[in-house]
Every structure is written in C-alpha cells, then in structure tokens.
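Survey of secondary and tertiary structure
Here's the letter readout for the chains.
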Amino acid sequence: RIRPDREVHRGKGKESSGEKGKMTMEKKIIIGADRLAVPLKDDLKKRLEEVHGYRVDDVGMQEGGEFISYIDTACRVAKELQKGNYERGILLCGTGAGMTLVANKFKGIRAVLCHNTYEARMCRTINNANVLCLGGGVLTAPIAEEMLDLFLETPFKEAFPKDRHDFLEFAQKEIARIEDENFK
C-alpha cells in the first residue's frame, strides 16, 4: 500500500518573476506509471518539463526501482488532486484501463482513458477531464506526446455555441450531484 515516506521524484522546478517583481505560480503536474509504462512515462515527463515548462512530480515506478502497483500509483495521484495540490495528472499502465478504474473511485476525479488524439482533445472539451490515462503498451511515444499536448492545451467548452456551452455546465453539475449521491 501507499507508504507516506515513499520518495517523490521531482522534475526541475522553476521560479519566475511576474509583473513588477511578483512571484508567479509554478506550473506543476503529477504523473505516475506502473512497470509496463515506465518508458512512455519517462518520454512524457521529459516533454512536460522541456516543452511545456512544468515541474513534474513522479509518484510511480522508476526504471530499475522498487515495485509500486498501479493501484497505489493511481490512488496517490487521485488523492493529490483531491487535496488541490495539482489541477491535472497523468497516469499510465499497460493498457491505461487499470489506472482509469482506480482513479475514478475518488470523488472529483475525472480520469479518461484515451486511445487517440480526438479522445484526448474531447475529454477536455466536453468532459473537463483532470486525469489523462494512457496505455504504455499500446501507444507510441509520438502519438502519446500529441495526446498530452492536446490534453494540456484544450480548454473546457472550447468552440461551442451558447446552448451547448450551457448544457456542458449543466452536465458538470449533474455529474457532481450523481457523485454526491453515490460516493459515500
């Protein structure tokens, strides 16, 4: 199970000064993978840091490191999002399915398993997903990187007419209501 003393592998952190010398909030994201997805996770982690400028907190397995189950990793990411320590997370396992199942057991987590760029964009546009789940055994790094870019850059309710925009707002509230009724 999750051990509180377990090391978190942090990416490069950056402090920056905003207007008039004020410190700006650092972009940070949490990521985790099981043993089957470590190589793809490492590729995405590098892209998050170098292309998108994120500080990446890696709470999953490391190449050659101690075994950490997909269950523990998904729980850790979901709990950190629930606490408000991160706005979004990335989870990877062999197919992505196990991580998705576990993460969605946590109230407020909207984890979506994506197989292509269309799903990665639409999970943000329509569903306001806060966790992207990917299969390390089924995706190539270039496709996964494109999916990651879309997940990070696509806003909720992008390019919809007012009536559709209103429906998507309603849908988010309805999903929250269903969660409140069913998550005890």
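Residues numbered from 1 in each chain as written. Predicted model: local features only at pLDDT ≥ 70, side-chain atom pairs only at ≥ 80, totals over all residues. Heavy atoms only, no water.

Topic: the overall build of the protein chain
Counting secondary structure elements, the protein chain contains six helices and six strands. Going from the N terminus to the C terminus, the protein chain shows its helices and strands as β-β-α-β-α-β-α-β-α-β-α-α. Partitioning the intrachain contacts of the protein chain with sequence separation of at least 6 by distance along the chain shows that 70% fall at a separation of at least 24. Taken as a whole, the protein chain presents about 10100 Å² of accessible surface, with 53% of it coming from carbon and sulfur. (Helix = DSSP H or I, 4+ residues; strand = E, 2+ residues; numbered from the N terminus. Contact = heavy atoms within 4.5 Å. Areas by Shrake-Rupley, 256 points an atom, 1.4 Å probe, with all protein chains shown as cover.)

Description of the side chain of Gln62
Considering the arrangement of structural elements, one finds Gln62 in the loop between strand 3 (55-58) and helix 2 (70-82). Polar contacts involving the side chain of Gln62 include one to the main-chain carbonyl oxygen of Gly60, which spans 3.0 Å. (Polar contact = N/O pair within 3.5 Å; in protein donor to acceptor, adjacent residues only side chain to side chain.)

Observations regarding the pairing of strand 3
Judged by which residues are buried, strand 3 turns out to be covered on both faces: Arg55 and Asp57 on one side and Val56 and Asp58 on the other are all buried. In the sheet, strand 2 (residues 28-33) pairs with strand 3 via four bridges, with the strands oriented parallel. Bridge pairing links Ile30 to Asp57 in strand 3. For the segment spanning strand 2, helix 1 (residues 38-50) and strand 3, crossover handedness is right-handed. (Buried < 20%, exposed > 50% of the residue type's maximum accessible area, 1.4 Å probe, protein only. Pairing = 2+ DSSP bridges. Right-handed = clockwise from strand over helix to strand, strands pointing away.)

What about the packing of helix 1 against helix 5 (residues 141-153)?
Axis separation between helix 1 and helix 5 bottoms out at 10 Å; the angle between their running directions is 45°. The orientation of helix 1 relative to helix 5 falls into the category oblique. Handedness of the helix 1/helix 5 crossing: right-handed. Mapping the contact onto sequence places Leu40, Asp43, Leu44, Arg47 and Leu48 in helix 1 and Ala141, Ala144, Glu145, Leu148, Asp149 and Leu152 in helix 5. Of the residues assigned to the contact of helix 1 with helix 5, the class counts are seven nonpolar, no polar and four charged. (Axes fitted to C-alpha atoms, helices over the stretch in contact; angles between N-to-C directions. Parallel < 35°, antiparallel > 145°, perpendicular 65-115°, else oblique. Left-handed = near helix turned anticlockwise from the far one by under 90°. Nonpolar A, V, L, I, M, F, W, Y, C, P; charged D, E, K, R; others polar.)

With respect to unusual backbone geometry
Positive phi is not limited to glycine here, since Asn128 has a value of about 55°. Looking at the secondary structure, you find Asn128 in the loop between helix 4 (117-125) and strand 6 (131-135).

Observations concerning the nonpolar core
Ranked by size, the top nonpolar core spans 23 residues in total, and within it Leu44, Leu48, Ile90, Leu92 and Leu134 carry the most contacts. Contributing elements (two or more residues each) for this core: strand 2, helix 1, strand 4 (89-93), helix 4, strand 6 and helix 5. Broken down by element, this core gets its largest block of residues, five residues, from helix 5. Membership of the second largest hydrophobic core comes to 18 residues, among which are Val59, Ala78, Met99 and Ala111. (Core = buried A, V, L, I, M, F, W, Y, C linked by side-chain atoms within 4.5 Å.)

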